[in-house]
Amino acid sequence: MMRTSLLMAVLCVSVGCARAPTVPVRYVVSSAEAPTFRISQGKGTAILLTNEETGARAASMGVLELQAGAGVPEHIHADSVEMLYVEEGGAEMTIEGQAMTVKPGDAVYIPAGVRHSARIPEGAPSFRAVQVYVGPGPEARFRQGEPVK
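Nothing here was measured: the structure is a model prediction, and the numbers come from that model. (Residues numbered from 1 in each chain as written. Predicted model: local features only at pLDDT ≥ 70, side-chain atom pairs only at ≥ 80, totals over all residues. Heavy atoms only, no water.)

Moving on, we come to the environment of Met-61. Among the structural elements, Met-61 can be located in strand S3 (residues 59-66). The class of Met-61 is partly exposed, set by a relative accessible area of 38%. Separated by 22 residues in sequence, Met-61 and Met-83 have C-alpha atoms that sit 9.4 Å apart. Filtering out sequence-adjacent residues up to four positions away, Met-61 remains in contact with Ile-47, Leu-48, Leu-49, Thr-50, Val-130, Gln-131 and Val-132. (Helix = DSSP H or I, 4+ residues; strand = E, 2+ residues; numbered from the N terminus. Buried < 20%, exposed > 50% of the residue type's maximum accessible area, 1.4 Å probe, protein only. Contact = heavy atoms within 4.5 Å.)

Taken in spatial order, the 4 strands make up an open sheet running S4-S9-S6-S7, and their pairing is antiparallel. With one partner strand each, in any of the chains shown, strand S4 (71-75) and strand S7 (98-102) form the two edges of the open sheet. Strand-to-strand twist in this sheet, taken as the mean axis angle between neighbours without regard to direction, amounts to 20°. The sheet contact formed by strand S6 (residues 91-95) and S7 spans 5 bridges and is antiparallel. (Pairing = 2+ DSSP bridges. Axes fitted to C-alpha atoms, helices over the stretch in contact; angles between N-to-C directions.)

Before going further, it helps to examine a nonpolar patch on the surface. Residues Val-25, Tyr-27 and Val-28 make up a contiguous nonpolar surface patch of about 390 Å² in total accessible area. The residue Tyr-27 is located in the loop between helix H1 (2-15) and strand S1 (36-39) in this model. Its relative accessible area of 77% is what places Tyr-27 among the exposed residues. (Patch = residues over 30% accessible without salt bridge, like charges linked within 9 Å, V, L, I, M, F, W, Y side chains within 5 Å. Areas by Shrake-Rupley, 256 points an atom, 1.4 Å probe, with all protein chains shown as cover. Salt bridge = Lys/Arg side-chain N within 4 Å of Asp/Glu carboxyl O.)

Strand order in the open sheet made by the 7 strands is S8-S5-S10-S3-S2-S1-S11, with antiparallel pairing throughout. Both edges of this open sheet fall to strand S8 (107-110) and strand S11 (147-148), since each of them pairs with a single strand only.

On to the pattern of salt bridges. Counting across every chain of the model gives 7 salt bridges. Ionic pairing is found between Arg-26 and Glu-33, a salt bridge with its closest N-O pair at 2.9 Å. For Arg-26, a relative accessible area of 37% translates into the label partly exposed. Of the residues examined, Glu-33 reaches a relative accessible area of 58% and is grouped as exposed. The closest approach of N and O atoms between Glu-65 and Arg-128, which form a salt bridge, is 2.1 Å. Taken together, the residues Glu-65 in strand S3 and Arg-128 in strand S10 (residues 127-134) connect sequence positions 63 residues apart. Take Glu-65: its relative accessible area is 26%, and that puts it in the partly exposed class. Residues participating in the shared-partner salt-bridge network are Glu-65, Glu-87 and Arg-128.

Our next topic: the pairing of strand S2 (residues 44-50). With respect to burial, S2 is a largely interior element, 6 of its 7 residues being buried. The turn linking S1 back onto S2 is made up of 4 residues, and Ser-40 within it adopts a positive phi angle of 50°. Note that S2 and S3 share 6 bridges and pair antiparallel. Residue pairing for S3: Gly-44 is matched across the bridge by Leu-66.

By secondary structure assignment, the location of Arg-141 is in the loop between S10 and S11. For the pair formed by Arg-141 and Ile-39, sequence separation is 102 residues and the distance between their alpha carbons is 9.5 Å. When sequence neighbours within four positions are dropped, the list of residues in contact with Arg-141 reads His-75, His-77 and Tyr-133. In terms of polar contacts, Arg-141 uses its side chain to reach the side chain of Tyr-133, at 3.1 Å. (Polar contact = N/O pair within 3.5 Å; in protein donor to acceptor, adjacent residues only side chain to side chain.)

Here it is, written out as structure tokens:
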């Protein structure tokens with residue numbers, strides 16, 4: 001009996017039983033139901049779709065919307081990879097000291113521990129991107145913004 005319990009415990013850990021979500025997994029999250037927060041001094045919003053609150057423990061996904069003149073100051077996600085897929089507008093990004101312009105249809109990969117920032121030039125169209133963090137957590141900072149009803 002002891003051997004069976006030990007074997008089951010080892011098997012459970014190896015396939016992820018020990019990491020069972022603490023909340024029920026929501027397989028589909030409607031953007032209409034997802035919490036949205038004002039960010040970037042009122043010049044943007046972050047829609048938090050999937051994350052630990054929806055049972056997604058390995059990654060998070062949201063939608064980032066920024067108006068002209070908005071910016072994201074230089075920062076680092078020590079333990080999380082960030083990926084963006086630009087749907088609308090464009091942005092001037094600096095990643096690890098390299099300035100670049102991103103536009104609709106571009107995918108952006110930012111490894112964990114890499115400094116990055118973004119800004120939407122004055123007069124530019126609004127920016128909209130799907131944002132994924134592998135190693136969720138950085139999206140929690142958006143909750144500091146004012147909730148949007």
